[in-house]
Amino acid sequence: MNRTLYTLKSCIYDKFSCIASACPYHCCQGWTIAIPDESYKKYIAYEGTLGEIARKFILYDEDIKAYRMALDKHGTCPFCEENGLCKIIIQEGEQDLSPVCTVFPRMKYLTSDTMEQGLSLGCPHVVELLYDIKTPLYFEKEEVTEDSWNDEITEDELHAIEFDLQIRELLRTLLQNRKYSMWYRLFSFISVLEKINEAHQKQDEMTVFELLNHFLQDNYLHEMQTYLLKSVQIDIHTKFALITNLFETFIPDFLGLSGNCRDKVEKLISAHREMTAECYHDIQCRLSESMTSGQMEILDEHIAVSDWFHNALLARNKDYLHANGITVVLVQILVNYMRVLSYKQYGAFRKEDEIFQISLAERLIMHAKDRGDRCIEQLKEKNMLSNAYMLMMLASC
C-alpha cells in the first residue's frame, strides 16, 4: 500500500539542541545503552583507550539479543567524561556515535500515514523548554510531498490505529481543558480510560464513543467535580500513607538512575524519611496558594499532554491505553510529591530541582520500562492503582 508521508511534531521539537556539558543530568548514565552490530565492530577496532574501553565494557546481552554498554561503578557509560562529554565525539567525531546516543531525546513513531516526532522529558533541557510556554501545547502536521513509502499495513490495522488516535485526541483535549483544576483533569482522564477499557479491548467502537461522548461532556464534568468537592472527604493520613508507600516503591530505581545527581536523590529520600502527614499537608497547601501555583499547574498540564501524546499507543497489549494512562498519572503523582520534598528542604520552589525531578520520574516511568513496569506491578498487587486511591493521591488540599 503506497501512502504519502506526513510528519506530526510538538511545537517545541525544532527548538531543541543538546546543551552537552552544560546539562545538569546527562543521558549517558543509569539505563541500558544498546550498541548496534555496526557500531560494536567499529568501537572494538579503535586503537588506544577507546578500543580498550569498548572491548572491556561492550557485552552481548542474551535478553535483548544485542550488544549493550556495561556501565561503570558510578552507573555511567565508560565513554563519558566527567564533564558529561563523550570520548568518542572528542576523539573520533559525532559521526561515530551509536544511533541510540544520536537520537535521544528525540522520538519517532509511525502511526498509519504519519511519522510522529517528539522529545522525551527524560532530558532536562526539554523540560526547561516547557517553562516558557503558557498556552496549551500544540502539534504541527505537515505533508512531506517528496517522500512516500510502501508498507504492509492492512486496512484493519489502519482502522484500529485511527480508532486509537481519535481516543487519544479526545483525552488530550480533556487534559488541556483549563476550566478544571489539574488534579481533576487527571482523575477524569484515568477514570474515562478505565470506563472504556473493556469495550476498547473488544474493539467495540460504538460503545467506546458513546461512553466518551457521555463522560467528556462539559455538563457531566462540571457536575462530577462539584460532587467530588462537596461529598468526598480526603483523609490526609490515608493520602499521605498512599503517596509515601508509592514513592517508597520507586526509591531503589531512583537511586539506580541518579547518576551524577545521586546527592539530589539522597536528599529527596532523606526529606521523605523525615516527612509527616501534617508537614506534607501544610506544604501542599502552601504550594497551592503560592504565586507559582499557576505556573506549576501549566507545567503539569504540559507534562501530562506530552506523555500521553507520545506514549498512548505504545506496547499494544490487551489494555495498553489504560496501562499507558496509568503511567501518565504516576509521573504526575511522583513529581508533585517530590515538589513537596524539595520545598521541605529549601523552603521555596526551585526551578533547577523541579527540572531534575521531572526528568528523573520520566526516565524511570517512560524509559526504563523494565524497572518502571516492575514497580507498577508491585503497586497493582497492593491495589494502589484503583480509581479510589488515585483520587486520594491526586486531590489537592
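Read on for a plain summary of the structure.

Looking at unusual backbone geometry
Excluding glycine, most residues fall at negative phi; most peptide bonds, likewise, are trans. Residue P105 is reached from F104 by a cis peptide bond, and omega for that bond is 10 degrees. By the element assignment, P105 lies in the loop between helix 4 (99-103) and strand 5 (106-111). Although it is not a glycine, Q203 adopts a positive phi angle of roughly 55 degrees. By the secondary structure assignment, Q203 is in the loop between helix 7 (182-201) and helix 8 (205-215). When its relative accessible area of 36% is taken as the criterion, Q203 is described as partly exposed. Located in the positive-phi region is N383, a residue other than glycine, with phi close to 60 degrees. Residue placement: N383 occurs in the loop between helix 16 (369-381) and helix 17 (387-394). Taking the relative accessible area as the measure of exposure, N383 reaches 48% and is therefore partly exposed.

A look at the packing of aromatic side chains
Enumeration according to the criterion identifies 16 aromatic pairs in this entry. The interplanar angle of 70 degrees and the centroid separation of 5.2 Å between the aromatic rings of F247 and Y337 together place this pair among those described as edge-to-face. Here F247, found in helix 10 (residues 236-257), pairs with Y337, found in helix 14 (residues 320-346); they are 90 residues apart in sequence, far enough to count as distant. Grouping residues by exposure puts F247 and Y337 together as buried.

Rules and cut-offs
- Residues numbered from 1 in each chain as written.
- Predicted model: local features only at pLDDT ≥ 70, side-chain atom pairs only at ≥ 80, totals over all residues.
- Heavy atoms only, no water.
- Helix = DSSP H or I, 4+ residues; strand = E, 2+ residues; numbered from the N terminus.
- Buried < 20%, exposed > 50% of the residue type's maximum accessible area, 1.4 Å probe, protein only.
- Phe/Tyr/Trp six-rings, centres within 6.5 Å; stacked < 30°, edge-to-face > 60°.

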